Amino acid sequence: MHNYKAVAILAMMFTLVQLSMLPTGLALAAHPDGDVNQDGVVNIVDVYTGVRAALMLQTLLPDEQLRGDVAPIMGGKPVPDGLVN
């Protein structure tokens, strides 16, 4: 089970790195921004929440699910697939 947790954590961290590398001034869609808790920053708290949701240890509210669905990233933009994974 620990391997799945490590993979989930790495996947979420990779997604955050990809988001941080987007060109400045790029307008993302209103919801899939990675700021799951909507505190104005994408940080380890959002990663932790996303990992817990991916491992089915926490249920996200519908708006949290929309904000956390930032993968896959194609062409430098999030392409939500309905999953926080």
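Cut-off values and rules
Residues numbered from 1 in each chain as written. Predicted model: local features only at pLDDT ≥ 70, side-chain atom pairs only at ≥ 80, totals over all residues. Heavy atoms only, no water. Helix = DSSP H or I, 4+ residues; strand = E, 2+ residues; numbered from the N terminus. Contact = heavy atoms within 4.5 Å. Salt bridge = Lys/Arg side-chain N within 4 Å of Asp/Glu carboxyl O. Buried < 20%, exposed > 50% of the residue type's maximum accessible area, 1.4 Å probe, protein only. Polar contact = N/O pair within 3.5 Å; in protein donor to acceptor, adjacent residues only side chain to side chain.

A. Geometry of the environment of Leu60. Inspection of the secondary structure assignment puts Leu60 in the loop between α2 (44-54) and α3 (62-68). Ignoring anything within four residues of it in the chain, the contact list for Leu60 reads Val36, Thr49, Ala53, Gln65 and Val84.

B. Structural context of the pattern of salt bridges. Applying the stated criterion across every chain yields a total of one salt bridge. Note that Asp63 and Arg67 form a salt bridge whose closest N and O atoms lie 3.2 Å from each other. With Asp63 and Arg67 both in helix α3, this residue pair falls four residues apart, about one helical turn. A residue is classified by how much of its surface remains accessible, and Asp63, at 32% relative accessible area, is partly exposed.

C. Layout of the side chain of Thr49. Within the secondary structure, Thr49 is located in helix α2. A distance of 2.9 Å separates a polar atom in the side chain of Thr49 from the backbone oxygen of Val45.

D. Region of the structure containing unusual backbone geometry. Geometrically, the link from Ala71 to Pro72 is a cis peptide bond, its omega value of 0° lying close to zero. Following the sequence through the fold, Pro72 ends up in the loop between α3 and β1 (73-74). Even without glycine at this site, Gln38 takes up a positive phi of about 55°. Here Gln38 lies in the loop between α1 (2-20) and α2. In this structure Gln38 comes out as exposed when scored by relative accessible area, which is 54%. Within the chain, Met56 stands out as a residue other than glycine whose phi angle is a positive 60°. Tracing the backbone shows Met56 in the loop between α2 and α3. Since its relative accessible area comes to 75%, Met56 is described here as exposed.

E. Representation of α2 in the model. Residues of α2 that are buried include every one of Asp46, Val47, Thr49, Gly50, Val51 and Ala53, and no others. Taking the backbone nitrogen of Val45 as reference, a side-chain oxygen 3.0 Å away marks Asn43 as the first, capping residue of α2. Met56 occupies a position one or two residues after α2 and carries a positive phi of about 60°.

F. Molecular detail of the environment of Pro80. Structurally, Pro80 is set in the segment after β2 (77-78). In the structure, Pro80 is positioned 49 residues away from His31 in sequence and 9.7 Å away in space, judged by C-alpha atoms.

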